[in-house]
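# Coordinate inspection notes
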Amino acid sequence: MIRKDIRNIAIIAHVDHGKTTLVDAMLKQSHIFRENQKVAERVMDSNPLERERGITILAKNTSVMHNGVKINIVDTPGHADFGGEVERILNMVDGVLLLVDSHEGPMPQTKYVLRKALEHHLKPIVVINKIDRPDQRVSDVEGEILELFIELNADDEQLDFPLIYASARSGIAKLHMNDEGKDLQPLFDTILERIPAPEGDPDGGLQIMVTTLEADDYLGKVAIGRVTRGTVKQGMAVAITDGEKIRTDHVGQLFNWQGMKRTPVAEAGVGDIVAMAGFKDINIGETVADAANPEALPSIHIDEPTLSMVFHVNKSPFAGREGDFVTSRHIRARLMKEIETNVALRVEETETSDAFLVSGRGELHLSVLIETMRREGFELEVSKPQVIYKTINGKRCEPLERLTVEVPQEFMGAVMEGLGPRRAEMISMEELAGYMKMDFSIPARGLLGFRNELLTTTRGTGIMYHVFQGYAPYKGDIPERTRGSLVAFEAGTTTAYGLNSILDRGELFLGPGVEVYEGMIVGENAREQDMDVNPCKKKHLTNTRASGSDDAIKLPPCRLFTLESALEWINDDELVEVTPSSIRMRKMVLSKQLRYKNANAKKSQSGQ
């Protein structure tokens, strides 16, 4: 049976090409909101971190009605670090809207998400967005999109994609560039015409693949998936299976989407995207099936993690001051809860009970988890990110990334010079309105710390994107950070006098009046070695000096760190201490004497 009254689509695109803005416009024009209702921009990005960073992290569902047909829309992340979300969502839909910026054209993540969609044999509709940009180059971008489809081995049916020209911010779409755009009507009509209606046997045994899990304070775990076969009813007995194990349960409550709202329904049929609550235990990738004759759907393949870091219990002298959850039990429970819904994440126990090895798809993937935990009141210490090596055909292999860098022409040489020691190999280069767009193949190790270097080199004008390319034999050593740390050798509160006395040693990371402890990093040394300093030193009173003369000391602005920049900056023997209100960097071994002892022991061992 074909359900003519439903269409299921996902919106896929590179970061910041306008997916969420387009969904906003579609919702507004389908009269989901009341006439006088205030609606926030990017209404789909409900997570505070998404709103701050301007990126989509979690895939979300909504629906609009057009000419009596319900269009279920899934807004997917554009960043490759959240590929686990994209992978699952594409199992729920029959077609995709591929959004491409009218100036930037197809970008690395465009290629990544489109490849996934074509592998799932989904019907594409291409939307060239931001056509009102003064620097738009629509005709060039059309050619680049076609080349991308050919490069990704699209079949003849997928190559026959319709093109829509749109401005999501203005809420207009048109079939030809010289048409007059009034609203999104051409886009809605194209979706109904070109996206296949869902097919399935409504009388067969129930099959729903669980693609997303949400936690609800009142309902517990809420499983989201698409009805592939049969009919699901509220209260019905079901089997939950992964193909090997089978357990019985029942559907407590059943919902579908009306606009942005989850609405209770009594039953749902083939093609419906539903949310189910009331299960005792359920996981992503499992099938909710007919209780009498359970059949599992093929499992979802998720890309393997490429980066790992160790999450430690906070053991600094300031531990427990700022956070509510500080024990290993708290951290373990939180990480185990995270892997239930974050399928691209791996958590392993280590030899010690107060540290956990956490692996993810990239630096952003892991830093978003850490940032979320600190906002929830957790305190922890995290190590420098390490890439995950694999042995393939007896060779040690490492993950490679496809890196795209856009910089003003005058900085091109400096950027290429910086990427050389990081083992980057140039693939292509082209000029775009005064900017150089360069593609490189680079080991994932080579990207650690590069974002900061790029911003410094290009005075904040450089843009970079990267996407996982595959594994390749080890490319050789990459130079580590070339400067040492300035480390406080006693606890206290920093003074302007103390900081001024170490100013000629390097760059400061904090100002006066900040509490520090022994082993805490307070700056970057101008030389390669670490240096122990005393930022808390006070001026001794004499007959000729007044203590208030400290006020006259003028210190330069200190370098401030975000969580990501701190993770990139630290060395292997350092940690980032993360609390709800602070990000500090410290040595793993806090004691100055113990660090010297360890260093001398290493020297004597290497000398033997």
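Residues numbered from 1 in each chain as written. Predicted model: local features only at pLDDT ≥ 70, side-chain atom pairs only at ≥ 80, totals over all residues. Heavy atoms only, no water.

An unreviewed UniProt entry annotates the protein as Large ribosomal subunit assembly factor BipA originating from Dialister invisus DSM 15470. Heading Catalytic activity (unreviewed entry) of the UniProt record for the protein holds this comment: "GTP + H2O = GDP + phosphate + H(+)". (UniProt positions renumbered as here; feature names shortened; annotations may be inferred.)

Quick look at helix H8 (residues 328–341) now. The first and last C-alpha atoms of H8 sit 21 Å apart over 14 residues, in line with the 20 Å expected at 1.5 Å per residue. Residues of H8 that are buried: Ile331, Arg334, Leu335 and Glu338. With its buried residues spanning 95 degrees around the axis, H8 presents them on a single face. Turning to H8, the residues buried within the fold contact strand S18 (307–313), strand S19 (346–349), strand S20 (355–360), helix H9 (363–375) and strand S21 (380–383). (Helix = DSSP H or I, 4+ residues; strand = E, 2+ residues; numbered from the N terminus. Expected span 1.5 Å × (residues − 1). Buried < 20%, exposed > 50% of the residue type's maximum accessible area, 1.4 Å probe, protein only. Arc of directions from axis to C-beta. Contact = heavy atoms within 4.5 Å.)

So, on to a nonpolar patch on the surface. Nonpolar side chains collect at one region of the surface, where Met416, Met426 and Met429 lie side by side and expose about 240 Å² of accessible area between them. Within the element layout of this structure, Met416 appears in helix H10 (residues 412–419). Looking at Met416, the relative accessible area reads 33%, which means it is partly exposed. (Patch = residues over 30% accessible without salt bridge, like charges linked within 9 Å, V, L, I, M, F, W, Y side chains within 5 Å. Areas by Shrake-Rupley, 256 points an atom, 1.4 Å probe, with all protein chains shown as cover. Salt bridge = Lys/Arg side-chain N within 4 Å of Asp/Glu carboxyl O.)

Here we take up the UniProt feature "binding site: GTP" (unreviewed entry) in the protein. Under the feature "binding site: GTP" (unreviewed entry), the UniProt entry names Asp16, His17, Gly18, Lys19, Thr20, Thr21, Asn129, Lys130, Ile131 and Asp132. Topologically, Lys19 is positioned in helix H1 (residues 19–29). Here Lys19 falls in the buried class, since its relative accessible area comes to 5%. Summarising the element assignment, Thr20 is placed in helix H1. Given the relative accessible area of 6%, Thr20 is considered buried.

Among the nonpolar cores identified, the biggest contains 36 residues, and Leu90, Ile145 and Phe149 are the most heavily contacted of them. Going through the elements one at a time, strand S1 (6–13), strand S4 (95–101), helix H4 (108–119), strand S5 (123–129), helix H5 (138–151), strand S9 (220–229), strand S13 (253–258) and strand S16 (273–277) are the ones with two or more residues in this core. When residues of this core are assigned to domains, at least three fall in each of domain 1 (6–194) and domain 2 (207–289). If you look at the next biggest cluster of nonpolar residues, it comprises 31 residues, including Phe311, Val313, Ile331 and Phe509. (Core = buried A, V, L, I, M, F, W, Y, C linked by side-chain atoms within 4.5 Å. Domains from an automatic or database assignment.)

It is worth spelling out unusual backbone geometry at this point. Although it is not a glycine, Asn67 sits at a positive phi angle of roughly 50 degrees. Taking relative accessible area as the criterion, Asn67 reaches 62% and is therefore assigned exposed. Positive phi, normally seen in glycine, also occurs at Arg423, with a value near 65 degrees. On the basis of relative accessibility, which here comes to 36%, the residue Arg423 falls in the partly exposed class.

A few words on the sheet that holds strand S14 (residues 261–264). Ordered by their spatial adjacency, 8 strands build an open sheet running S12-S11-S17-S8-S9-S16-S13-S14, and the pairing between neighbours is antiparallel. Each end of this open sheet is capped by a strand with a single partner; those strands are strand S12 (246–250) and S14. Averaged over all neighbouring strand pairs, the angle between strand axes comes to 40 degrees, with direction disregarded. Strand direction decides the pairing type here: strand S8 (residues 207–216) and S9, joined by 9 bridges, are antiparallel. Bridge pairing in S9 links Val210 to Gly225. (Pairing = 2+ DSSP bridges. Axes fitted to C-alpha atoms, helices over the stretch in contact; angles between N-to-C directions.)

Pairing within the open sheet is mixed, and its 4 strands lie in the order S30-S32-S28-S33. Pairing within the sheet leaves two strands with one partner each, and these edge strands are strand S30 (506–508) and strand S33 (531–533). Going from strand to strand, the sheet's axes swing by 35 degrees on average, the running direction of each strand aside. In this structure, strand S28 (residues 485–488) lies alongside S33, joined through 3 bridges in parallel fashion. Residue Val487 lies in a different strand from S33, and its bridge partner there is Asp532.

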